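# A look at the structure
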Amino acid sequence: MRILLVEDDRRFGQILKMELERDHHAVEHAADGVEGVLSFMENPCDIILLDIRMPRLGGIDALRIIRKLDPKVPAIVFSAVAGASEIVEAEIAGAVKFLSKPFEFAELKNEIARMSTAFSSHSGRGKAE
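First things first, this report covers the structure right here in the doc.

Here is what the cut-offs are and how they apply
- Sequence order as written defines the numbering, with residues in each chain counted from 1.
- Given that this is a predicted model, residues contribute local features only at a pLDDT of at least 70 and side-chain atom pairs are listed and counted only at 80 or more, while totals for whole chains, interfaces and linings are drawn from all residues.
- For the side-chain quantities, the full set of heavy atoms in the structure was used; hydrogens and water were omitted.
- Helix and strand assignments come from DSSP, with helices taken as H or I runs of at least 4 residues and strands as E runs of at least 2, each series counted from the N terminus.
- Computation of the radius of gyration draws on C-alpha atoms, with the globule rule given as 2.2 Å multiplied by the number of residues to the power 0.38.
- Each residue is assigned to one of three classes by its accessible area relative to the maximum for its type, calculated with a 1.4 Å probe on protein chains only: buried under 20%, partly exposed between the two thresholds, exposed over 50%.
- Any two residues whose heavy atoms approach within 4.5 Å are treated as being in contact.
- Only four residue types enter the charge count, namely Lys and Arg as positive and Asp and Glu as negative; His and the chain termini do not.
- Counted as salt bridges are all cases of a side-chain nitrogen of Lys or Arg within 4 Å of a carboxyl oxygen of Asp or Glu.
- Identification of polar contacts relies on pairs of N or O atoms within 3.5 Å, with a donor-acceptor requirement for protein atoms, meaning one able to donate a hydrogen and the other able to accept it, and with residues adjacent in sequence counted only if both atoms are side-chain atoms.
- When DSSP finds two or more bridges between a pair of strands, those strands are recorded as paired.
- With the strands pointing away from the viewer, any crossover whose connection runs clockwise from the first strand over the helix to the second is right-handed.

### Concerning the overall build of the chain
- Within the chain, the regular secondary structure consists of five helices and five strands.
- Mapped in sequence order, the helices and strands of the chain form the string β-α-β-α-β-α-β-α-β-α.
- For the chain, the C-alpha radius of gyration of 13 Å lies close to 14 Å, the compact-globule estimate for 129 residues.
- Taking the principal axes of the C-alpha coordinates as reference, the chain spans close to 35 × 30 × 25 Å.
- Per-residue burial for the chain yields a buried fraction of 47% across its 129 residues.
- For the chain, the share of sequence-separated contacts (at least 6 apart) that also reach a separation of at least 24 residues comes to 65%.

Below you can see the structure in the form of structure tokens.
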């Protein structure tokens, strides 16, 4: 599965990327929302993982742009400091799941597996690389 990870915390992003690749996913890591949108435009993915608060362009705004390009790509957003209004705003923008940092990798892994099954049956996504 191709995953776009949009996370400005370099260390956290590297750890997530390593864990996802260990589970045989192809992961593209973008450092902020601008890089994430450009990456998605160049190489669409099966699932997007986005931090909410990032410099230049936050995860919610990046998700809104990506949704205009592909309204069906599933997205998981996460944040250590998001308030209830940001979580609702992320859901309105199209996020299908919110995770509060720090989260267990197993929780993320389970959500990705669930989304892969649910969305691949409807959109043709989720095929292994």
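We are not done yet, so read on.
### Let's talk about the side chain of R67
- Secondary-structure assignment places R67 in helix α3 (residues 59-69).
- Look at R67: it is buried, it has no salt bridge, and the nearest opposite charge is D70 at 5.8 Å.
- Looking at R67, its side chain comes within polar contact range of the main-chain oxygen of V73, at 2.5 Å.
- At 2.3 Å, the side chain of R67 and the backbone oxygen of G94 are in polar contact.
- Those residues within four positions of R67 in sequence are excluded, and the remaining contacts are K72, V73, P74, A75, A93, G94 and A95.

### A word on the pattern of salt bridges
- As enumerated under the stated definition, the model contains twelve salt bridges in all.
- For E19, the salt bridge goes to R22, with nearest N and O atoms at 3.2 Å. Placement of the pair is E19 and R22 together in helix α1 (residues 10-22), with a separation of three residues, close to one helical turn.
- Put simply, K109 and D23 hold a salt bridge, and the shortest N to O gap is 3.7 Å. With K109 in helix α5 (residues 105-123) and D23 in the loop between α1 and β2 (26-30), the pair connects residues that are 86 residues apart, well separated along the chain.
- Here the residues in one salt-bridge network are E7, D51 and K101, joined through shared partners.

### Side note on the pairing of β2
- Bridge analysis of strand β1 (residues 2-6) against β2 gives five bridges, and the strand direction is parallel. Along β2, the bridge assignment pairs I3 with V27.
- Crossover handedness for the path β1 to α1 to β2: right-handed.

These results come straight from atomic positions and should not be treated as a statement about function.
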